[in-house]
Structures are given as C-alpha cells and as structure tokens.
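Per-entry structural report
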Amino acid sequence: AMVHVHGFGISGTYLEPTAALLAPHYRTFVPDLPGMGRSIRPEGGLDLPGLAKALMSYCDAVGVERPILVGNSLGCPIIIEVAAAFPNRIQRAVMVSPAGGPNNQPLGRALGQMARDGLREPPSMLPIAARDYLRFGALRSLSLFRAMTRYPTLERLPHLVVPTLVIAGVRDPLVRIANAPRLAVVPHIDVVSVPGAHALNYSDPQLIAELIRAHIDGEPLTTSTGRRSVVE
C-alpha cells in the first residue's frame, strides 16, 4: 500500500495526479491530515509529532500496516517523525521536495521562498492552494510553517533506515540542491534532481510516478531516452 502525505496547510488534492497514476499498481491513499483540507480541526495545536501520530492512526483505520510513504514538502518531515516514533511501520519512503532546516530560515526568508515558488507552479495550482490555505487559517498556517522551517530535515533523513528516494526540483526555492551530495553517500538513499519547482507531484505527475515505480522495482532512475532522460 502507498500513502501520500501532503504539505503544510493544504489538502491532499494536489497530490492526486501522481497518486492516480500509481493507483493501478498499489493500494493508494491520499488523506487530509487533521485541520487541513476536508479533515476536522483538532482541539489542540498542530505539531510534527502529532501529525505523525495522526498519520499512523489513519493507516490503522484503513488497514495499512507498513505503507510506502510518499511525502511532499512538510510531508517529508512528517515521514521522518513517523520513522522516529514508529520505526517498524514504514516499508519504504519517497521524499519529494523535502522542506525544513537552515535553507528555510529565518521565517521571513521562507515566506519569500514560498512566494517565489508560487510564480513557478502551474496556474491551476492557485485555486487549490488558495481554498485550502484560507480554510486552514493564517495563525495556524504561520505556526505550522514555522515548525517546518525549524525542522532539520536533511540532518535527520539518514536516520530513516528504509530504502528512500529523494526528489528535488532544480527550480525549487525551498530546497537547496547543493545539499544533495551529503545524502547520496548514505547507502539506502537515492537522490535525484528533476526540472520543476516545489509541487512536483502536481506539476509533473508522470515523471514523479515513473521515478517512484523505478525506485520500488529496482530499475535505473535515469535513462538516456524517455521521461527519465531529464533526471540527474
């Protein structure tokens, strides 16, 4: 089974193009985490450990014991938190545009990165993001966004000891491609860069789905022809 984990303040809607391409091959789930999208608002605040616990509760509810977790943006730190608290519950991980850490600090810098990325995403992404962020609320967004920017994603990624694929867009202002070699030396982590910005699961679902399938099937992540010819 495969569970797709969305970014902060937004629903899983923008992950559905990639999920739909993978659904014929895997049991596929795209939840909305507590307080986001179509999910009810929790009484307490939102933090990364709490969202990780909620994700595992969702997996329990749908009968998935050890999913392949596919995260985008904030979804990547959440997956790392799942690995820390529930190490036997992950079969494999895919990190698309892993946000968090020094590259997203201070907060003002991260907000500027988000604004620049918005101009690089497909125009059809705007109504999805606007609807979800308005529903989530400004104060909740700011609090969770601050938690994401402070999270040392790259530093903690090697502690995720299952086979892991990291995908980063070369035009993503929130992810520093220069950090990739630090991860590539970890035996169980494969790191690739692709054209595009932050919301790759939405902007290029065909390529992301193909890379995920190649990662799971043990096929080459780069090819001399075809869609994967643009991958480095």
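The structure under discussion appears in the preceding block.
Residues numbered from 1 in each chain as written. Predicted model: local features only at pLDDT ≥ 70, side-chain atom pairs only at ≥ 80, totals over all residues. Heavy atoms only, no water.

1. Side note on the layout of surface pockets
Unoccupied space between atoms shows up once a probe the size of one water molecule is rolled over them. Counted as a void, the largest pocket has a volume near 380 Å³. For the lining of the largest pocket, the elements supplying multiple residues, two or more each, are strand E3 (68-73), helix H4 (107-118) and helix H5 (125-136). With 5 residues, the top contributor of residues to the lining of the largest pocket is H5. Classifying every residue of the lining of the largest pocket gives 11 nonpolar, 5 polar and 2 charged. (1 Å grid on protein atoms, 1.4 Å probe; cavity = no way out; pocket = protein on both sides within 12 Å on 5 of 7 lines; lining within 4 Å. Points joined across faces, edges and corners; volume = space filled by probe spheres on them. Helix = DSSP H or I, 4+ residues; strand = E, 2+ residues; numbered from the N terminus. Nonpolar A, V, L, I, M, F, W, Y, C, P; charged D, E, K, R; others polar.)

2. A look at the nonpolar core
If you look at the biggest cluster of nonpolar residues, it comprises 38 residues, and the most contacted ones within it are Leu 55, Ile 78 and Leu 160. Looking at this core, the elements that each hand over two or more residues are strand E1 (2-5), helix H2 (48-62), helix H3 (75-85), strand E4 (92-98) and helix H6 (138-150). Ignoring sequence-local partners within four residues, the contact set of Leu 160 consists of Ile 79, Ala 83, Ile 90, Ala 93, Met 95 and His 188. Counting 21 residues, the second largest nonpolar core, distinct from the first, contains Tyr 26, Val 192, Val 194 and Ala 209. (Core = buried A, V, L, I, M, F, W, Y, C linked by side-chain atoms within 4.5 Å. Buried < 20%, exposed > 50% of the residue type's maximum accessible area, 1.4 Å probe, protein only. Contact = heavy atoms within 4.5 Å.)

3. Comments concerning the side chain of Thr 13
When you line up the elements, Thr 13 lands in the loop between E1 and helix H1 (16-22). There is a polar contact of 2.8 Å between the side chain of Thr 13 and the side chain of Ser 11. Ignoring any residue separated from it by four or fewer positions in sequence, one finds Thr 13 in contact with Arg 38, Ile 128 and Arg 131. (Polar contact = N/O pair within 3.5 Å; in protein donor to acceptor, adjacent residues only side chain to side chain.)

4. Let's talk about the side chain of Ser 39
When you line up the elements, Ser 39 lands in the loop between strand E2 (28-29) and H2. Looking at Ser 39, the relative accessible area reads 18%, which means it is buried.

5. Here we look at a positive patch on the surface
A cluster of basic side chains, namely Arg 109, Arg 116, Arg 120, Arg 171 and Arg 176, defines a positive patch on the protein surface. Position of Arg 176 relative to the elements: it lies in the loop between strand E5 (164-169) and helix H8 (180-184). Of the residues examined, Arg 176 reaches a relative accessible area of 48% and is grouped as partly exposed. (Patch = residues over 30% accessible without salt bridge, like charges linked within 9 Å, V, L, I, M, F, W, Y side chains within 5 Å. Areas by Shrake-Rupley, 256 points an atom, 1.4 Å probe, with all protein chains shown as cover. Salt bridge = Lys/Arg side-chain N within 4 Å of Asp/Glu carboxyl O. Lys, Arg positive; Asp, Glu negative; His and termini not counted. Charge placed at Lys NZ, Arg CZ, Asp CG, Glu CD.)

6. Digging into the packing of aromatic side chains
Here the structure, examined in full by the defined rule, presents 2 aromatic pairs. On the numbers, 6.4 Å between centres and 80° between planes, the contact of Phe 29 with Tyr 58 is edge-to-face. Within this pair, whereas Phe 29 is found in strand E2, its partner Tyr 58 is found in helix H2, the two being separated by 29 residues in sequence. Phe 29 gets classed as buried once you look at its relative accessible area, which sits at 15%. A relative accessible area of 26% means that Tyr 58 is categorised as partly exposed. (Phe/Tyr/Trp six-rings, centres within 6.5 Å; stacked < 30°, edge-to-face > 60°.)

7. Digging into the sheet that holds E2
With parallel pairing, 6 strands are arranged side by side in an open sheet as E2-E1-E3-E4-E5-E6. Bordering the open sheet on either side are E2 and strand E6 (189-194), each of which pairs with just one other strand. Note that E4 and E5 share 4 bridges and pair parallel. Within E5, the residue paired with Val 94 across the bridge is Leu 165. Strands E1, E2 and E3 of the sheet are contacted by H2, whose axis makes an angle of about 145° with E1. (Pairing = 2+ DSSP bridges. Axes fitted to C-alpha atoms, helices over the stretch in contact; angles between N-to-C directions.)

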